[in-house]
There are 2 protein chains.
Amino acid sequence: MTTDDHIIFIVDDDERIREALSELLASHGMRAIAFGSAGDYVSADKPDVPACLILDVELPDINGLDLQRQIAAGEHPPIVFITGHGDIPSSVRAIKHGAVDFLTKPFSNTDLMAAIEAAIAQDREERSERADVDVLRQRYLDLTPREREVLPLVVSGLLNKQAAAELGISEVTLEIHRRNVMHKMAAASLADLVRLAERLEIPITHSRRTGGSGA
Amino acid sequence: MTTDDHIIFIVDDDERIREALSELLASHGMRAIAFGSAGDYVSADKPDVPACLILDVELPDINGLDLQRQIAAGEHPPIVFITGHGDIPSSVRAIKHGAVDFLTKPFSNTDLMAAIEAAIAQDREERSERADVDVLRQRYLDLTPREREVLPLVVSGLLNKQAAAELGISEVTLEIHRRNVMHKMAAASLADLVRLAERLEIPITHSRRTGGSGA
DNA sequence: CTTCACCTCATGGATTTCCATGAGGTGCGG
DNA sequence: CCGCACCTCATGGAAATCCATGAGGTGAAG
């Protein structure tokens, strides 16, 4: 399944390069799709598997670096830049913005393959992480408005009593919301809920004082 | 206090460059210390304030990039590389390893100053973060061996009863350890303790199952 | 041998959480 | 107008946590 389990996108305006790369990748048992322009790549229907984008800096429509910035807004595969006329500021910018590598032609097959492997591995990681967080985010969306108010109070460490007071409702009602939150978020314990909330970047709104007014 | 609140280290074997940079920085109200070699920099006594390291790639003793890798093991200020004969692979490697920028001579004062500002700001961030975590780490070191065994079980979400069973001790004893942990770690609540443990990268050893064998 | 830190445990009560059952009110879409 | 989702609340008991007091054992350092 080496072939189906990931894919390499090639964006280069030079037909010969596209073919050469395609063949090279095929010889390594990798599936590849080549595009002649940034626009073709962006508008194409791309399979949803771990991938790597081999991107030429000089393209007919827009600059490769600009394309990088454009797609940076959403999800996109790690980029390996290739270029015939690279300069240092471009390479710095590319790497700073997350590119896996920046290769100048002529580059060795070894270097390219290493970069691709790294990119695929990275994408696999990122996808896995994204998938996890997406599940959480979906659960969070299943919460009712009130439950979304209760969650931050609970993970702040407030007692039910305190959280209830904060919302101006009875402790009983808050307990019910709290339990619903635990169920809907599929948290096995409060500790778990706290970690889920962290990953969802739910802010801590209040923090319980150890020695309060009571007792 | 612009002068004392941060410092710039310059490492370049060219005396003229060192002087020119020192003057430039002085004119911007920044304190700078210059070194003629990597060895001088490493062995020097450096003030403990937010800093930036302006590092020439070509040095008499060791390569700037190698120095970067060497000091990467410990704490060190963000690096801004400068070079007269830079190449793309070097710049890629430098940035990948965390350098703030990689400037080729001649570079504009504006570019350099921007890089330095960014580096200082970054160091300020990192130092603040490190200081926070150091406090936590110190508290963790104050824990007794047994308490260090209890902590991961507690933040895993185990009930006292379960954690006690895990350690083969009575629930009462575990409660005492647990309370001591809370006190020593200065955690205001369990939620707090979970977050502290996260920052200390304390692994979750067990995770409580919602509907267990009990009841 | 004494001191000290550490680990161990019990009793017992106050507080909090967990959970089920039962029930009333509001607002919106069908 | 009915159903449905949502928010609200009470009672009441089981379980768990929080906390204080009191106390015994071990091993290492002084």
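For the structure, check the block above.
Here the structure is a predicted model, which means the values were calculated and not measured.

A.B. asks: If you had to explain the packing of helix α7 (residues 160–167) of chain B against helix α8 (residues 171–185) of chain B to someone new, which residues and values would you point to?
C.D. replies: Residues and elements named next belong to chain B. Two elements in contact, α7 and α8, have axes separated by 8 Å at closest approach and are oriented at 105°. Compared by their axis directions, α7 and α8 come out roughly perpendicular. Mapping the contact onto sequence places N160, K161, A163, A164 and L167 in α7 and E171, L174, E175 and R178 in α8. Considering only residue class, the contact of α7 with α8 consists of 4 nonpolar, 1 polar and 4 charged.

A.B. asks: An account of unusual backbone geometry is requested, with residue identities and associated values reported.
C.D. replies: With omega at 0°, the peptide bond leading from A:K105 into A:P106 counts as cis. Within the fold, A:P106 resides in the loop between β5 (101–104) and α5 (109–141). Even without glycine at this site, A:E201 takes up a positive phi of about 55°. Tracing the backbone through its elements, the reader meets A:E201 in the segment after α9 (190–199). Its identity is not glycine, yet B:A186 carries a phi of approximately 55°, on the positive side. Secondary-structure assignment places B:A186 in the loop between α8 and α9 (190–199).

A.B. asks: Go over the protein's contact with DNA strand D with me, naming the residues and quoting the values.
C.D. replies: Within the structure, DNA strand D sits among 15 residues, and A:T144, A:R146, A:S170, A:H177 and B:K161 are positioned closest to it. Of what DNA strand D places within 4 Å of the protein, 72% of the atoms are sugar or phosphate. Within the side chain of A:R146, a nitrogen or oxygen atom sits 2.5 Å from a phosphate oxygen of DNA strand D. In this structure, A:T173 approaches DNA strand D through a side-chain N or O atom, which is 3.1 Å from a phosphate oxygen. For the surface near DNA strand D, a count of residues per class yields 5 nonpolar, 5 polar and 5 charged.

A.B. asks: Can you explain the protein's contact with DNA strand C? Please cite residues and give values.
C.D. replies: Residues in contact with DNA strand C amount to 15 residues; listed here are only the nearest, A:K161, B:T144, B:R146, B:S170 and B:H177. One nitrogen or oxygen atom from the side chain of A:R178 is found 3.2 Å from a phosphate oxygen belonging to DNA strand C. A distance of 2.8 Å is found between a phosphate oxygen of DNA strand C and a side-chain nitrogen or oxygen belonging to B:H177. Ranked by the residues each element gives to the surface near DNA strand C, the list is headed by α8(B), at 4 residues.

A.B. asks: Help me get a handle on the pairing of strand β3 (residues 51–56) of chain A, residues and values and all.
C.D. replies: All names here are of chain A. Burial of β3 is extensive: 6 of the 6 residues sit out of reach of the surface. Here β3 shows a buried face lined by A51, L53 and L55 and a second buried face lined by C52, I54 and D56. Sheet topology places strand β1 (residues 7–11) next to β3; 5 bridges connect them, and they run parallel. Considered in β3, the bridge of I7 is made with A51. One ladder, built from 4 bridges, connects β3 with strand β4 (residues 79–83); its direction is parallel. Bridging from a neighbouring strand, L53 pairs with I79 of β4.

Here is what the cut-offs are and how they apply
Along each chain, the written sequence defines residue order, and numbers are assigned to residues from 1. Chains and ligands are labelled sequentially in the order written, the chains with letters from A and the ligands with numbers from 1. A pLDDT threshold of at least 70 governs which residues receive local features in this predicted model, and a stricter bar of 80 or more applies before side-chain atom pairs are shown or counted, although totals over entire chains, interfaces and linings include all residues. Note that the side-chain values use all heavy atoms of the structure and ignore hydrogens as well as water. Note on geometry: axes are lines fitted to C-alpha atoms, helical ones only across the stretch in contact, with angles between N-to-C directions running from 0 to 180 degrees. Segments assigned H or I by DSSP are reported as helices when at least four residues long, segments assigned E as strands when at least two residues long, and all are numbered from the N terminus. Angular relationships are summarised with four words: roughly parallel below 35 degrees, roughly antiparallel beyond 145, roughly perpendicular across 65 to 115, and oblique for the angles in between. The contact definition used throughout considers only heavy atoms, calling two residues in contact when any of these lie within 4.5 Å. Just so you know the grouping, Ala, Val, Leu, Ile, Met, Phe, Trp, Tyr, Cys and Pro go in nonpolar, Asp, Glu, Lys and Arg go in charged, and all remaining residues, Gly too, go in polar. Residues are counted as near a molecule or strand when any one of their heavy atoms sits within 4 Å of it. Two N or O atoms form a polar contact when they lie within 3.5 Å of each other; inside protein one atom must be a possible hydrogen donor and the other a possible acceptor, and for residues adjacent in sequence the pair counts only when both atoms belong to side chains. Relative accessibility under 20% of the residue-type maximum defines a buried residue, over 50% an exposed one, and the middle range a partly exposed one, all with a 1.4 Å probe and only protein chains included. Strand pairing is assigned whenever DSSP identifies at least 2 bridges connecting the two strands.

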